[in-house]
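So you can see what is in the structure, the chains are spelled out below.
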Amino acid sequence: MARHVVATVDEIPPGARKRVEVEGRGIAVFNIGGAYFAIADRCPHEGASLCDGRLTALVEASEPGRYVLSRRGELVRCPWHGWEFDIRTGRSWCDPKRLKVRSYETSVEVGGAEATELQAETFPVSVEARFVVVEA
Amino acid sequence: MSATALGTSRPVAAKRQVIDCDIHPAMTSWTEVHPYLEPRWIEHLKTYGSHLRHAFSEALTHPRMSPDAARVDAYPEEGGPPGSSLDLMRRQHLDPNGIEHGILIPLRWNPGSQRNLDFGVALTRAMNSWQAERWVGQEPRLKGSVLVAQEDAVGAVAEIEARAGDPSFVQILILPRTDEPLGRRRYWPIFEAAERHDLPIAIHVGGTNGHPSTGGGWPSYYMEEHHAVAESMQAIVVSLIFEGVFERFPRLRFVIMEGGLGWIPSLCARMDRNWERMRGEVPHVRRRPSEYLGESIWFTTQPMEEPERPGQLLELMDRIGWDRLLFSTDYPHWDFDDPRYAFRAPLTRAQKDQLLFGNAQHFYGFP
Ligand code: FES
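Residues numbered from 1 in each chain as written. Chains lettered and ligands numbered in written order. Predicted model: local features only at pLDDT ≥ 70, side-chain atom pairs only at ≥ 80, totals over all residues. Heavy atoms only, no water.

Novice: Can you break down the overall build of chain A residue by residue, with the values?
Specialist: When you go through chain A residue by residue, the secondary structure sums to 1 helix and 9 strands. Beginning at the N terminus, the succession of helices and strands in chain A can be written as β-β-β-β-β-β-β-β-α-β. Of all 136 residues assigned to chain A, the portion counted as buried reaches 49%. Across chain A, the fraction of contacts at a sequence separation of at least 24, relative to all contacts at a separation of at least 6, is 46%. Total accessible area computed for chain A in this model is approximately 6,700 Å², and 51% of it derives from carbon and sulfur atoms. (Helix = DSSP H or I, 4+ residues; strand = E, 2+ residues; numbered from the N terminus. Buried < 20%, exposed > 50% of the residue type's maximum accessible area, 1.4 Å probe, protein only. Contact = heavy atoms within 4.5 Å. Areas by Shrake-Rupley, 256 points an atom, 1.4 Å probe, with all protein chains shown as cover.)

Novice: Can you tell me about the overall build of chain B, naming the residues and giving the values?
Specialist: Helix and strand counts for chain B come out as 11 helices and 8 strands. Rg of the C-alpha trace for chain B: 20 Å, near the compact-globule value of 21 Å for 367 residues, within the 12% margin. Projecting the C-alpha coordinates of chain B onto the three principal axes gives extents of approximately 80 × 55 × 45 Å. Once local pairs closer than 6 in sequence are excluded, the contacts in chain B between residues at least 24 apart make up 80%. Looking at chain B, you have 39 positive and 48 negative side-chain charges, and the mean spots of the two groups are 3 Å apart. (Rg over C-alpha atoms; globule rule 2.2 N^0.38 Å. Lys, Arg positive; Asp, Glu negative; His and termini not counted. Charge placed at Lys NZ, Arg CZ, Asp CG, Glu CD.)

Novice: Describe in detail the pattern of salt bridges, supporting the description with residues and values.
Specialist: Residues and elements named next belong to chain A. Counted by the stated rule, this structure contains 39 salt bridges over all chains. The salt bridge partner of Arg 88 is Glu 74, with a shortest N-O separation of 3.1 Å. Here Glu 74 lies in strand β6 (residues 66-77) and Arg 88 lies in the loop between β7 (84-86) and β8 (103-110), a separation of 14 residues in the sequence. Residue classification places Glu 74 among the buried residues on the basis of a relative accessible area of 15%. (Salt bridge = Lys/Arg side-chain N within 4 Å of Asp/Glu carboxyl O.)

Novice: How would you summarise the environment of Glu 243 of chain B if you had to cite specific residues and measurements?
Specialist: Mapping Glu 243 of chain B onto the fold places it in the loop between α6 (222-242) and α7 (245-248). In this structure, Glu 243 of chain B is in contact with Gly 183, Arg 184, Trp 188 and His 284 of chain B, ignoring residues within four places of it in sequence.

Novice: Residues and numbers for the packing of aromatic side chains, please.
Specialist: Two measures describe an aromatic ring pair: the distance that separates the ring centres and the angle between the ring planes. All names here are of chain B. One pass over the full model with this rule turns up 18 aromatic pairs over all chains. Ring-pair connections join several aromatic residues into one group, and the members of that group are Trp 30, Trp 41, Trp 109, Phe 119, Trp 130 and Trp 135. Here Arg 40 stacks its cationic end above the ring of Trp 41, 3.8 Å away from the centre of that ring. Above the face of the Tyr 292 ring, Arg 287 is positioned so that its terminal group lies 5.2 Å from the ring centre. (Phe/Tyr/Trp six-rings, centres within 6.5 Å; stacked < 30°, edge-to-face > 60°. Lys NZ or Arg CZ within 6 Å of the ring centre and 35° of its normal.)

Novice: Describe unusual backbone geometry, naming the residues involved and giving the relevant values.
Specialist: Residues and elements named next belong to chain B. Residue Pro 303 is reached from Gln 302 by a cis peptide bond, and omega for that bond is -5 degrees. Summarising the element assignment, Pro 303 is placed in the loop between β7 (297-300) and α10 (310-320). Omega for the peptide link from Tyr 331 to Pro 332 comes to 0 degrees, which places this bond in the cis form. You can see Pro 332 is positioned in the loop between β8 (325-326) and α11 (349-364). The residue Asp 330 is not glycine, and still its phi comes out positive at about 75 degrees. Within the element layout of this structure, Asp 330 appears in the loop between β8 and α11.

Keep in mind these numbers describe shape, not what the thing actually does.
Rendered as structure tokens:
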């Protein structure tokens with residue numbers, strides 16, 4: 001498991017996402033309210049890019065006519081057939097045990113020594129900038 | 001520490017020939033057909049607009065999970081609805097999915113459902129020219145479907161005559177929920193012309209002639225509507241067979257598009273059983289109903305059935321007949337089937353080639 005600098009924090013503000021490629025694997029990195037989450041960017045159904053999906057909330061009903069909305073913006077809905085995945089865990093809502101995408105640890109590192117060590121080809125690593133790091 | 005490459009590339013399909021029998025092109029706006037419409041109808045559109053027999057005439061029948069029933073990733077960067085950009089269609093679908101031929105199925109604006117029949121006929125003419133010039137003329141992998149205003153058989157036949165022999169078109173397209181069940185004799189002049197020119201007739205789900213999508217009336221939810229497409233397709237198959245269409249036009253071929261597959265064997269069994277008992281009511285149906293279906297009707301595969309056990313899919317195809325199935329993706333709609341992953345069963349190379357390419361090549365007479 002290696003650590004990879006994948007973006008600067010400014011590139012993925014809250015509510016945004018970015019598709020990155022780490023050693024040939026597509027990974028979707030999301031920012032939910034300032035926290036970063038990374039999941040495999042390939043829907044287990046027919047392979048759509050989850051990074052293209054809309055963020056959605058969890059809608060539940062205890063009975064017909066009573067609705068509860070929660071976890072706004074914490075699920076991504078596959079852009080093709082609409083399966084919902086929990087961005088925090090990669091698990092699908094419908095069948096969380098069997099249908100899931102891999103999720104990756106993320107962290108934010110401040111520039112300077114730390115980020116220079118995590119050298120990334122595509123970023124000029126500066127002392128002040130903060131970087132999103134994915135363990136993959 | 002490994003370097004990180006950033007990019008947006010997606011894995012490219014292994015080289016495999018694919019014929020996609022269901023691609024939906026879209027207009028960015030009505031002005032796209034203006035060059036092909038007589039001034040009288042441009043004026044009509046401006047003043048009165050399009051009139052389909054349902055509420056909010058230019059909207060879809062139900063609000064859906066995704067607007068335009070589209071894949072969320074299919075909106076062109078330059079604006080316009082999904083399916084309106086040939087460039088995006090090439091980049092996102094035709095090239096990476098190895099589409100050798102793609103059949104155009106224009107759905108919106110429904111010329112066949114226009115209440116003003118003269119406008120409907122004029123619109124079929126315009127949209128057919130639009131397909132030929134704007135799509136087929138610029139992308140030879142694409143082929144058009146002759147749109148007809150089926151409620152005006154005379155106008156429909158004239159349009160078929162005008163397009164027959166034009167290599168831009170490979171079939172005629174009619175949407176279900178016609179004014180009367182499709183096997184009724186008012187539509188036979190269309191069938192006669194189709195058979196004479198050896199043009200198959202595609203029936204693709206949809207249609208906005210005012211009939212509810214279910215026999216029990218209008219459902220509340222898109223989820224219900226989405227299931228009802230199979231019902232309307234069964235009604236068409238039953239009507240064509242029992243009205244005697246295939247007795248009168250034995251060389252006429254139909255392809256049922258996007259209606260699902262699971263119901264086909266059970267419908268065949270039920271029709272045959274009932275025919276054994278009540279044949280006397282329809283003596284013109286001289287053979288078992290399933291025989292007509294097995295000779296004259298084909299089916300596109302999307303939305304592919306996804307049974308729990310893969311073996312059930314193989315069994316279903318055995319029962320329908322492997323040679324009856326034409327692969328389709330439904331691009332750019334949300335229920336798109338990817339040629340690489342749509343079949344959830346271990347198919348042999350030969351079976352895959354037959355479904356993805358061979359059957360449609362034969363059906364449409366592609367070289
Ligand atoms: S590809 Fe994601 S739900 Fe089908």
